[in-house]
Amino acid sequence: MNPRWIWPVFLLALVALIATTAWSTQRALRLQREHSATLAEASRETQIRLALFKMDSIIAPLLQQESNRPAEDYHDDEPSPLQQRTPRYINVHFTCSASSIDEIASPQVPDPNWITTSTVDGSRLRLKVVSDNCACDTLSDSIFGPENAAWPEDRMRPMWINDLLVLARRVRVQGVSEIQGFWLDWPALERHLLAEVATLLPSATLIPLSNPEDPNHPDTSERDANRSLASLPIGIEPGPVTGAPPPAPFSLRGPLAASWAGLLLAALATGSLLFGILRLSRRRGDFVSAVTHELRTPLTGLQMNADLLADNVVSDPEQRAQISRRIQGESRRLGHLVENVLAYAGLEHGPGARRMEATSLHAILERATPRLRERAALAAFELTVEKAQDSPLETDPVAVEQILFNLVDNACKYAIDPERPQLELHQSGRQILLRDYGPGIPPSERRKLFQPFHKSAAAAAGSAPGVGLGLALSRRLAAQLGAELKLTDTEGSGATFSLRFNS
């Protein structure tokens, strides 16, 4: 692929991946919120059902006792033991005969002992208060009419008549059909029921239901059936439910955050890898072009000077000796270049084993000084060496010589100063300093000074010969020997390199 398309394709793929992950994250969080809401609603409905069950358990014994009351108790003049034990929350009992409908339907004289009220459909209920009991003139046939004929006898049926909560049943007493029942003290019962469920539903309210509590009733919705008492036509408005909703089985925020972190790290790693690959590709291209330029120059000189000698073009012995020296210099230059490239390639494939010897920097300098001075002399530099006695050192002398030669060679190429062509090599203990008096190294170049292959063909052609490998190789060799090679600040002009061995 063309390198110019690598970054656009990478960014396009990254945007698509981020968009897909964002959509998946949003979808997962929405599903979790819905799941949590479902759990909260289920918990709320559970509390409502518990409250309804608790209230029904309170009302059921009362209704069961009244349903078991014998029909004859409603006709006894003397109260029976059961009548004397009138349960709490019952105001009065009543009975009415169907035969008295026509007679009582329109009384001529109002009697203050009678209570007349109307039902929802307009029929009337008239109760007569007698001591703790009351007698009922009539109940409309619409309450126990043909449409409800299936309602069993002797079973109390609750109903609202205006604001009165009445429970009535159809019975036969001596072959006569009657309606018997009782009138509940609903306000007191309501307070008692709400107090019993206050821990579950502290803000609940009870509301009368206009329709019978019958699941088959056409006007009874499923919600009303789930939020109404089973024994009375009473619905419940739960209000806010106390207690925290049950937590979700697990939270997706942690895994999603980890997924996003992994995505960002993967994107960063991929971007860094692409950047490194492109930079390495560019550096390899620069290296190939620079090496090609560096090889072409000495090979051209070698070939030209060798042809002069082979063809006997030059007969003067002095000139022939000069040509021989040029051939020798170009050969050494070429050999040094090949030596550095091979050494760096060896480091790239692995550090390998070094031939460590017990020696000293003083001994290494004694052996390397002639070669270093010869290289300096080829560039018209004077190399002064100051040696000092030091403690024994275990290192690879060949690698140290190669580092020192690269430093001197680098100074000979770039530290050109006609007024002071001088190099100073100073040893102090386990440290060697090499100083030149050239133009120095600008701050913009210091960052990439030890990077390999940072010179292109144009840079190599427009500057001193080399491919930018000597300093990089020297630093890596120094690190392999347990030493540190760095550029130090120098007062005045020039540059100073420090090679320090750790103790």
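The model shown is predicted, which means the values in this text are computed figures rather than measured ones.

Draft legend 1. Focus on the overall build of the protein. Within the protein, the secondary structure is distributed over 12 helices and 16 strands. The proportion of buried residues among the 503 residues of the protein is 38%. Contacts spanning at least 24 positions in sequence make up 67% of the contacts within the protein whose residues lie at least 6 apart. For the protein, the computed accessible surface area is about 28,700 Å², with 56% contributed by carbon and sulfur atoms.

Draft legend 2. Region of the structure containing the packing of helix 8 (residues 361-378) against helix 9 (residues 397-414). Packing of helix 8 against helix 9 leaves a shortest axis separation of 10 Å and a crossing angle of 25°. The orientation of helix 8 relative to helix 9 falls into the category roughly parallel. Read as a crossing pair, helix 8 and helix 9 show a hand that is right-handed. On helix 9, the residues touching Ile364, Leu365, Arg367, Ala368, Arg371, Leu372, Arg375 and Ala376 of helix 8 are Pro397, Val398, Val400, Glu401, Leu404, Phe405, Val408, Asp409, Cys412 and Lys413.

Draft legend 3. Local environment of the sheet that holds strand 13 (residues 422-428). Pairing in this open sheet of 5 strands is mixed, and the strands run 11-13-14-16-15 from one edge to the other. Unpaired on one side and paired on the other, strand 11 (382-386) and strand 15 (483-488) mark the two borders of the sheet. The sheet shows a mean angle of 15° between the axes of neighbouring strands, taken without regard to direction. Inspection of the sheet shows strand 11 paired to strand 13 by 5 bridges, in the parallel sense. From the neighbouring strand, Thr384 faces strand 13, where its bridge partner is Glu424. On the sheet, helix 12 (residues 470-480) packs against strand 15 and strand 16 (496-501) and is oriented at approximately 140° with respect to strand 15.

Draft legend 4. A look at the pairing of strand 14 (residues 431-436). Pairing between strand 13 and strand 14: 6 bridges, direction antiparallel. Paired with Gln427 across the bridge in strand 14 is Ile432. The turn joining strand 13 and strand 14, which pair antiparallel and follow one another in sequence, is formed by 2 residues; a positive phi near 65° is taken by Gly429. Bridging between strand 14 and strand 16 involves 5 bridges; their strand directions are antiparallel. Directly across from Arg435, in strand 16, lies its bridge partner Thr496.

How each quantity is defined
- Residues numbered from 1 in each chain as written.
- Predicted model: local features only at pLDDT ≥ 70, side-chain atom pairs only at ≥ 80, totals over all residues.
- Heavy atoms only, no water.
- Helix = DSSP H or I, 4+ residues; strand = E, 2+ residues; numbered from the N terminus.
- Buried < 20%, exposed > 50% of the residue type's maximum accessible area, 1.4 Å probe, protein only.
- Contact = heavy atoms within 4.5 Å.
- Areas by Shrake-Rupley, 256 points an atom, 1.4 Å probe, with all protein chains shown as cover.
- Axes fitted to C-alpha atoms, helices over the stretch in contact; angles between N-to-C directions.
- Parallel < 35°, antiparallel > 145°, perpendicular 65-115°, else oblique.
- Left-handed = near helix turned anticlockwise from the far one by under 90°.
- Pairing = 2+ DSSP bridges.

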